[in-house]
Amino acid sequence: MSVRGIRGAITVDVNEEQPILQATVELLNGIVNGNGIVPGDIASVFVTVTGDLDATFPARAIRAMAGWDLVPLMCALEVPVKGSLAKCIRLMVLVNTEKTQEQVEHIYLGGAKALRPDLAKA
């Protein structure tokens, strides 16, 4: 068994608590469902947000999900590169899995599809 990183990102339209929390849940559910994992498989989740999203901690949404209360979570600010995608939440889910790197499904939703069009589904 290996520890694999599963990436994902999503954008929100506004810097408000509920849209940020809802987008975080949508993204994490996409990663979990797309890769067939359960909270017990997760080593940790690293969450970043762009500097324009400061209405809440996205990790609050994950902590409130059933079975996720013991999963280690960490939030941080994304590097503020000029011209980068705004209002973006990114996840790096470290998971214990038998999947190979090639079998891992990364999830990019909303405007974040532009970050990795090679990995984003239509």
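Nothing here was measured: the structure is a model prediction, and the numbers come from that model.

A. Just the environment of methionine 1, in detail. Tracing the backbone shows methionine 1 in the segment before β1 (2-11). What makes methionine 1 exposed here is its relative accessible area of 69%. Considered as a pair, methionine 1 and glutamate 98 are 97 residues apart in the sequence and their alpha carbons are 5.0 Å apart. If we ignore the near neighbours within four places in the chain, the residues touching methionine 1 are Asn96, Thr97 and Glu98.

B. Expanded view of the pattern of salt bridges. A full pass over the atoms with the stated rule returns three salt bridges. Among the ionic pairs, glutamate 17 bridges to arginine 60, the shortest N-O distance being 2.5 Å. Within this pair, whereas glutamate 17 is found in helix α1 (residues 17-35), its partner arginine 60 is found in helix α2 (residues 59-63), the two being separated by 43 residues in sequence. Across the salt bridge formed by arginine 90 and glutamate 78, the nearest N and O atoms sit 3.6 Å from each other. Placement of arginine 90 in strand β4 (residues 88-97) and of glutamate 78 in the loop between β3 (73-77) and β4 is noted, with a sequence separation of twelve residues between them.

C. Summary view of unusual backbone geometry. A positive phi angle, close to 45°, is found at lysine 87, a residue other than glycine. Within the fold, lysine 87 resides in the loop between β3 and β4.

D. Representation of the sheet that holds β1. Ordered by their spatial adjacency, five strands build an open sheet running β3-β2-β4-β1-β5, and the pairing between neighbours is mixed. The two strands at the open ends of the sheet, each matched to only one other strand, are β3 and β5 (107-108).

E. Geometry of the pairing of β4. Counted residue by residue, β4 has seven buried out of ten residues, so it is predominantly covered. As paired elements, β1 and β4 share ten bridges and run antiparallel to each other. Note on β4: the bridge partner recorded for valine 3 is asparagine 96. The pairing of strand β2 (residues 42-49) with β4 spans seven bridges and is classified as antiparallel. Opposite phenylalanine 46, over in β4, you have methionine 92 as the bridge partner.

F. The arrangement of the environment of glycine 36 in detail. Along the polypeptide, glycine 36 turns up in the loop between α1 and β2. Residues glycine 36 and glutamate 105, 69 residues apart in the sequence, show an inter-C-alpha distance of 9.8 Å.

G. Up close: the UniProt feature "binding site: prephenate" (unreviewed entry) in the protein. In this structure's numbering, the residues bearing the UniProt feature "binding site: prephenate" (unreviewed entry) are Arg7, Arg90 and Tyr108. Across 102 residues, the annotated set stays spatially compact, with a maximum C-alpha separation of 9.0 Å. As for its placement among the helices and strands, arginine 7 is situated in strand β1. A residue is classified by how much of its surface remains accessible, and arginine 7, at 26% relative accessible area, is partly exposed. For arginine 7, the contacting residues outside a window of four places in its chain are Ile31, Arg90, Leu91, Met92, His106, Ile107 and Tyr108. With residues up to four places along the chain from it excluded, the contact list for arginine 90 reads Arg7, Gly8, Ala9, Phe46, Val47, Thr48, Thr50, Glu78 and Leu115.

The rules behind these values
- Residues numbered from 1 in each chain as written.
- Predicted model: local features only at pLDDT ≥ 70, side-chain atom pairs only at ≥ 80, totals over all residues.
- Heavy atoms only, no water.
- Helix = DSSP H or I, 4+ residues; strand = E, 2+ residues; numbered from the N terminus.
- Buried < 20%, exposed > 50% of the residue type's maximum accessible area, 1.4 Å probe, protein only.
- Contact = heavy atoms within 4.5 Å.
- Salt bridge = Lys/Arg side-chain N within 4 Å of Asp/Glu carboxyl O.
- Pairing = 2+ DSSP bridges.
- UniProt positions renumbered as here; feature names shortened; annotations may be inferred.

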